[in-house]
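Coordinates in review
Single-letter residue listing:
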Amino acid sequence: QVQLVESGGGLVQAGGSLRLSCEASGRSITTYAMGWFRQAPGNEREFVGAISWSGYSTYYADSVKGRFTISRKNAWNTVYLQMNTLNPEDTAVYYCAAVRTNTDPPRRASDYDLWGQGTQVTVSS
């Protein structure tokens, strides 16, 4: 069973950057598509972006496109979310998720099988 652990969250000023990591343990994630989601208080969990199992394809929500970048290092069993030009609306708990698929990664949270515990990102104005 794959276990996911996020790290890298914290407090940052508007305009700043953070890089989140999602490290998998238990088995290799080379056959898993990986997604990032976020949830702010009172809001539903929303799609941020995803990366295919190969790393060749990435997809982003419109709200983060051009500011966030997802990458993966399968040899390290780790996926990253580089977040630049952060603004207060990006404040949320960020989750990584995994699903075993060789097709395009899904955008719906319900399509993912495995989840990390989340890491808090707070952007101050």
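For the structure, see preceding data.
Here we summarise the structure given alongside this text.

Criteria and thresholds
- Every chain is numbered on its own, with residues counted from 1 as its sequence reads.
- pLDDT decides what is reported in this predicted model: residues at 70 or higher carry local features, side-chain atom pairs at 80 or more are listed and counted, and totals for whole chains, interfaces and linings draw on all residues regardless.
- To obtain the side-chain values, all non-hydrogen atoms of the structure were included, while hydrogens and water were left out.
- Here, two cysteine sulfur atoms that lie within 2.5 Å of each other are counted as a disulfide.
- Starting at the N terminus, helices and strands are each numbered in turn, a helix being any DSSP run of H or I of at least four residues and a strand any DSSP run of E of at least two.
- Whether a residue is buried, partly exposed or exposed follows from its accessible area with a 1.4 Å probe, protein chains only, as a fraction of its type maximum: under 20%, in between, or over 50%, in that order.
- For this analysis, a ring pair means two rings from Phe, Tyr or Trp (six-membered ring only for Trp) whose centres lie within 6.5 Å, classed as stacked if their planes differ by under 30 degrees, edge-to-face if by over 60, and tilted for the remaining angles.
- Both a distance and an angle decide whether a charge sits over a ring: NZ of Lys or CZ of Arg must be within 6 Å of the ring centre and within 35 degrees of the ring normal.

Considerations on the state of the cysteines
Going through the model one piece at a time under the given rule, you end up with 1 disulfide. Here C22 engages in a disulfide with C96; their sulfurs sit 2.0 Å apart. Between C22 and C96, the disulfide has an S-S torsion of 55 degrees and is therefore right-handed. Of the two residues, C22 sits in strand β3 (residues 18–25) while C96 sits in strand β9 (residues 92–100), which places them 74 residues apart along the sequence. Classification of C22 by relative accessible area gives buried; the value is 0%. The exposure class of C96 is buried, given its relative accessible area of 1%.

Concerning the packing of aromatic side chains
On inspection of all chains with the given rule, the structure shows 5 aromatic pairs. Pairing Y95 with W115 gives two aromatic rings, centres 6.4 Å apart and planes at 80 degrees, and the pair type is edge-to-face. Linking Y95 in strand β9 with W115 in strand β10 (residues 114–115), this pair joins segments that are 20 residues apart in sequence. Residue W115 is classed as partly exposed on the basis of its relative accessible area, which comes to 27%. Measuring from centroid to centroid gives 6.3 Å for Y112 and W115, while their planes differ by 65 degrees, and the two rings are edge-to-face. The ring of Y95 has R45 lying over it, and the distance from NZ or CZ to the ring centre is 3.8 Å. The lysine or arginine in question, R45, covers the ring of W115, its NZ or CZ lying 4.8 Å from the ring centre.

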